[in-house]
Amino acid sequence: MTRSSERATGPGGARQARGKPESQAPDGDVGGPRYKSIFQTLSHDISTGRYPVMTLLPTEHELCDQFNASRHTIREAIRMLTVAGMVSRRPGVGTRVETARASTRFTQRISQFPDLLQYARNAALLVQDVRTIKLPKRLAEALGCTSDKSWLHINSIKTLDDQDTAAASTLIYADPEHSDVRVEVKSRISLLRLIEDHFGDRITEVNQEFSATPINATIAKQLKVEPKTAGFVITRRYYGDGGLLLLATITTFPHDKMKYSMTLNVG
């Protein structure tokens, strides 16, 4: 089995005793988004040891009852914990505490396709530019496709929580002949929703490639770093039947905002 983790700078086991917080505001309370206060409460509970590392948080249903909140609100709070690197979510297992201290990092632990979709669920992308282009020859070669056809090009930034602070640049290339992707500039999109709504079960293979390269001036401006700053680049290619490239993403992080590690279990 292969277990891998990726971290980008940005905010299992026995269950613990749980009780209701002293104050429970309804969803959308005037003090700010309800999910943020729930995130802060759960973050505090984790950091103080109420939910120790390697144990499971209560289920979504239990958290809904505990905080008197909707399922959507709880999922947003859990998403923030995931982005902060404090928990990971496993289908059929639950939400596991990974660390007691919130970092300002995106955290990805990817060992199988559902894990990649979970990462995509947590990727908040703010669209900067949308247009149809013919891929330059060098880019077409990098993506493994021809340069004689048009692709939908979405230039976006990966943001921290719900702020507009850029943690990474994500360039999305979608084959317009096999999808009807439409997004607006300045809109906030979910990579998972884009995949599910426009490609769904047509994706049969995902290829990931990791590389290091100096960040060009355009992306450096988006990320507010100096041009030629060392960058960590993740290229993902999503294929359909017959090896048809349906979607590709190129995400660039400043080198000090990304760490990739892999653990191989033998046996």
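Notes on the structure follow. What you see is a predicted model; the values in this text were computed from it and never measured.

Rules used in this analysis
- Counting starts from 1 at the beginning of each chain's written sequence and moves along it residue by residue.
- Selection of residues for local features in this predicted model requires a pLDDT of at least 70, selection of side-chain atom pairs for listing and counting requires 80 or more, and totals for whole chains, interfaces and linings are taken over all residues.
- To obtain the side-chain values, all non-hydrogen atoms of the structure were included, while hydrogens and water were left out.
- Strands are runs of DSSP state E lasting at least 2 residues, helices are runs of H or I lasting at least 4, and numbering of each runs from the N terminus.
- When accessible area is computed with a 1.4 Å probe and restricted to protein chains, residues below 20% of their type maximum are described as buried, those above 50% as exposed, and intermediate ones as partly exposed.
- Note that accessible areas follow from Shrake-Rupley with a 1.4 Å probe, and for residues the cover is restricted to the protein chains shown.
- Strands qualify as paired when DSSP identifies two bridges or more between them.
- Axis definition: a line fitted to C-alpha atoms, over the contacting stretch in the case of helices. Angles run 0 to 180 degrees between N-to-C directions.
- When a carboxyl oxygen of Asp or Glu is within 4 Å of a side-chain nitrogen of Lys or Arg, the pair counts as a salt bridge.

### Overview of the overall build of the protein
- For the protein, the count of helices and strands is seven helices and twelve strands.
- Counting all 267 residues of the protein, 49% fall into the buried class.
- On the protein, roughly 13500 Å² of surface is accessible, and the fraction owed to carbon and sulfur atoms is 50%.

### Looking at the sheet that holds strand 9 (residues 205-214)
- Strands sit in the order 8-5-6-7-11-10-9 across an open sheet of seven strands; the sheet is antiparallel. Edge positions in the sheet fall to strand 8 (188-190) and strand 9, since each of these pairs with one other strand and no more. When strand polarity is set aside, the average angle formed by the axes of neighbouring strands in this sheet is 30°.
- Here strand 10 (residues 230-239) runs beside strand 11 (residues 245-254); their pairing, made up of nine bridges, is antiparallel. Within strand 11, the position partnered with Gly231 by the bridge is Pro254.

### Quick notes on the pairing of strand 7 (residues 166-174)
- For strand 7, a buried count of nine out of nine residues is recorded, marking the element as mostly surrounded by other parts of the structure.
- Sheet analysis places strand 6 (residues 150-159) next to strand 7, joined by eight bridges and oriented antiparallel. Looking at strand 7, one finds that Lys158 is bridged to Ala168.

### Topic: the pattern of salt bridges
- Per the stated rule, a full pass over the model turns up eight salt bridges.
- For the salt bridge of Asp45 with Arg50, the shortest nitrogen-to-oxygen distance reads 3.1 Å.
- Accessibility expressed as a relative area gives 9% for Asp45, which makes it buried.
- Residue classification places Arg50 among the partly exposed positions, given a relative accessible area of 25%.
- We note a salt bridge from Lys149 to Asp175, for which the minimum N-O separation is 2.9 Å. Here the residue Lys149 occupies a position in the loop between helix 5 (137-143) and strand 6, and Asp175 occupies one in the loop between strand 7 and strand 8, the gap between them amounting to 26 residues.
- Looking at Asp175, the relative accessible area reads 0%, which means it is buried.

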